[in-house]
Amino acid sequence: MNSKIDRIEIQSKALGQKMAITVYVPADFTDGLPVLYFMHGRSGDENIIHALDIQTVADKMIGEGRMRPMLIVCPRMGDALGLNAYEGYFFNEVMPLIEQRYKTATRYIGGCSAGGYIAFNYAFRHPKMFARVGGHMPAIDDKLDDEDLHYFGTHDVWEANNPIYLARQSPLSSTIHFYLDVGDEDEGAFYHGCAQLAETLKSRGIQVENHLNKGHHTVQYIKDNLEKYLVFYSG
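Residues numbered from 1 in each chain as written. Predicted model: local features only at pLDDT ≥ 70, side-chain atom pairs only at ≥ 80, totals over all residues. Heavy atoms only, no water.

J.: Quick question: what am I supposed to make of the pattern of salt bridges here?
T.: Once their charged atoms are close, side chains differing in charge can pair, the charge on each being opposite to the other. Enumeration according to the criterion identifies ten salt bridges in this entry. Residues aspartate 148 and arginine 42 are paired through a salt bridge, measuring 3.2 Å at the closest nitrogen-oxygen approach. Remark: arginine 42 occurs in the loop between β3 (35–39) and α1 (48–51) and aspartate 148 occurs in the loop between β6 (132–136) and α5 (149–152); sequence separation between them is 106 residues. Here glutamate 64 ties to lysine 60 by a salt bridge, and the two come within 3.3 Å at their closest N and O atoms. Linked by salt bridges that have partners in common, Lys60, Glu64, Arg66 and Glu227 make up one network. (Salt bridge = Lys/Arg side-chain N within 4 Å of Asp/Glu carboxyl O. Helix = DSSP H or I, 4+ residues; strand = E, 2+ residues; numbered from the N terminus.)

Take a look at the structure:
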């Protein structure tokens, strides 16, 4: 059997609208595979799986023995930073649907730009859910920009969801692995947030990698580094 990309439509009760999910299913699929939930950025959607050509890259790496077979799930998350109703949609609708349909095992979560923010926010606030967590050019700020205030409403809500603050108090297991990376010419200067987050995790004895690579805040940056991410998630 060849690998495939499944597309699933879901009528979300939490959001009151139809949503979509794309799923990379590796060749010779069997029950009990790990599942990576991979979140898109603010202007993206579930089609990030095609924009990054995840199927071709994963097929090649699995064939070469550089990556263990896993499901890669890209849910549509809108432009909401995964907050409010989107959190219920993801945990109560997306995850149960995927894990029952494909009978998955270990969970990982990651994402790019705003999707990286979502991944770390969810991992810190649900610390027993995910074994590996990645943020790739993640939109993690060390201060609240006025243009982002509409996501949160107040500074207190921003701080309560900010991964830098959450990393200080979340009851994390030392078995969780974290991965951060960002381009050295990232237009959002998210390398500052990544550095603070990595230092906080290191000070707590948590396993974390933080990489500063060449590049800008672009889809091409993610494509250039995708193989590194898949190696990390596959352990």
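On we go from here.
J.: Is there a simple way to think about the side chain of threonine 104 in this case?
T.: With respect to the helices and strands, the residue threonine 104 is situated in the loop between α3 (85–102) and β5 (107–112). Those residues in contact with threonine 104, other than ones at most four positions away along the chain, are Gly32, Leu33, Val35, Leu71, Ile98 and Glu99. (Contact = heavy atoms within 4.5 Å.)

J.: Can you walk me through the environment of threonine 218 in this structure?
T.: Relative to the helices and strands, threonine 218 resides in the loop between β8 (207–213) and α9 (219–234). A sequence separation of 58 residues divides threonine 218 from alanine 160, and the C-alpha atoms of the two residues are 28 Å apart. For threonine 218, the side chain forms a polar contact with the main-chain nitrogen of tyrosine 221, separated by 3.1 Å. (Polar contact = N/O pair within 3.5 Å; in protein donor to acceptor, adjacent residues only side chain to side chain.)

J.: What is the right way to look at the sheet that holds strand β1 (residues 4–12) in this model?
T.: Two strands in a sheet stick together by hydrogen bonds in their backbones, pointing the same way (parallel) or opposite ways (antiparallel). The strand order across the open sheet built from eight strands is β1-β2-β4-β3-β5-β6-β7-β8, with neighbouring strands paired in mixed fashion. Edge positions in the open sheet fall to β1 and β8, since each of these has one partner strand only. For this sheet, the mean angle separating the axes of adjacent strands, direction not counted, is 15 degrees. The pairing of β3 with β5 spans five bridges and is classified as parallel. (Pairing = 2+ DSSP bridges. Axes fitted to C-alpha atoms, helices over the stretch in contact; angles between N-to-C directions.)

J.: What exactly am I supposed to notice about the environment of glutamate 46 here?
T.: Mapped onto the fold, glutamate 46 is located in the loop between β3 and α1. Residue contacts for glutamate 46: discarding those within four places in its chain leaves Arg7, Ala20, Ile21, Thr22, His40, Cys74, Pro75 and Arg76. Polar side-chain contacts of glutamate 46 include one of 3.0 Å to the side chain of arginine 7.

J.: Would you mind going over the state of the cysteines with me for this structure?
T.: Note: disulfide means a covalent bond formed between the sulfur atoms of two cysteine side chains. All chains considered together, the criterion is met by zero disulfides. Looking at the unpaired cysteine 112, the closest cysteine sulfur is the one in cysteine 74, lying at 8.8 Å. A disulfide-free cysteine, cysteine 194 has its sulfur positioned 13 Å from the sulfur of cysteine 112, the nearest such atom. (Disulfide = S-S within 2.5 Å.)

J.: Would you take a moment to explain helix α8 (residues 191–203) for this structure?
T.: Given 3.6 residues to a turn, an α-helix orients residues that are three or four positions apart in the same direction. End to end, α8 covers 18 Å across 13 residues, agreeing with the expected 18 Å (1.5 Å per residue, within 8%). Listing the buried residues of α8 in full gives Gly193, Cys194, Leu197, Ala198, Thr200 and Leu201. Viewed along the axis of α8, the buried residues span an arc of 160 degrees, placing them on a single side of the element. Next to the buried residues of α8 lie α4 (114–125), α7 (163–169), β7 (177–183) and β8. (Expected span 1.5 Å × (residues − 1). Buried < 20%, exposed > 50% of the residue type's maximum accessible area, 1.4 Å probe, protein only. Arc of directions from axis to C-beta.)

J.: Sorry if this is basic, but what is going on with the packing of helix α2 (residues 54–63) against α9 here?
T.: The description of two packed helices rests on the angle between their axes and on the distance between the axes. Interaxial distance between α2 and α9 falls to 11 Å at its minimum, and their mutual angle equals 55 degrees. In terms of axis orientation, α2 runs oblique to α9. Crossing hand, α2 versus α9: right-handed. For the pair formed by α2 and α9, the contact residues are Ile54, Val57, Ala58, Lys60 and Met61 on the first element and Leu226, Glu227, Leu230 and Val231 on the second. Along the lines of polarity and charge, the residues of the contact of α2 with α9 split into seven nonpolar, no polar and two charged. (Parallel < 35°, antiparallel > 145°, perpendicular 65-115°, else oblique. Left-handed = near helix turned anticlockwise from the far one by under 90°. Nonpolar A, V, L, I, M, F, W, Y, C, P; charged D, E, K, R; others polar.)

J.: Would you take a moment to explain the packing of aromatic side chains for this structure?
T.: Two numbers describe a pair of aromatic rings. These are the distance of the centres and the angle of the planes. Evaluation of the coordinates by the stated rule reveals 16 aromatic pairs. Each ring, one from phenylalanine 124 and one from phenylalanine 178, has its centre 5.5 Å from the other, and the planes form 40 degrees; the classification is tilted. Of the two residues, phenylalanine 124 sits in helix α4 while phenylalanine 178 sits in strand β7, which places them 54 residues apart along the sequence. In this pair, the class of phenylalanine 124 matches that of phenylalanine 178, namely buried. Note on tyrosine 179 and tyrosine 229: the rings are 6.0 Å apart at their centroids and 75 degrees apart in plane angle, and the pair reads as edge-to-face. Residue tyrosine 179 is located in strand β7, and its partner tyrosine 229 is located in helix α9; the two are separated by 50 residues in the primary sequence. Here tyrosine 229 falls in the buried class, since its relative accessible area comes to 0%. Within the aromatic cluster, the residues linked to one another by ring pairs are Tyr37, Phe90, Phe91, Tyr122 and Phe130. (Phe/Tyr/Trp six-rings, centres within 6.5 Å; stacked < 30°, edge-to-face > 60°.)

So, to be careful, I would describe these as geometric facts and stop short of saying anything about function.
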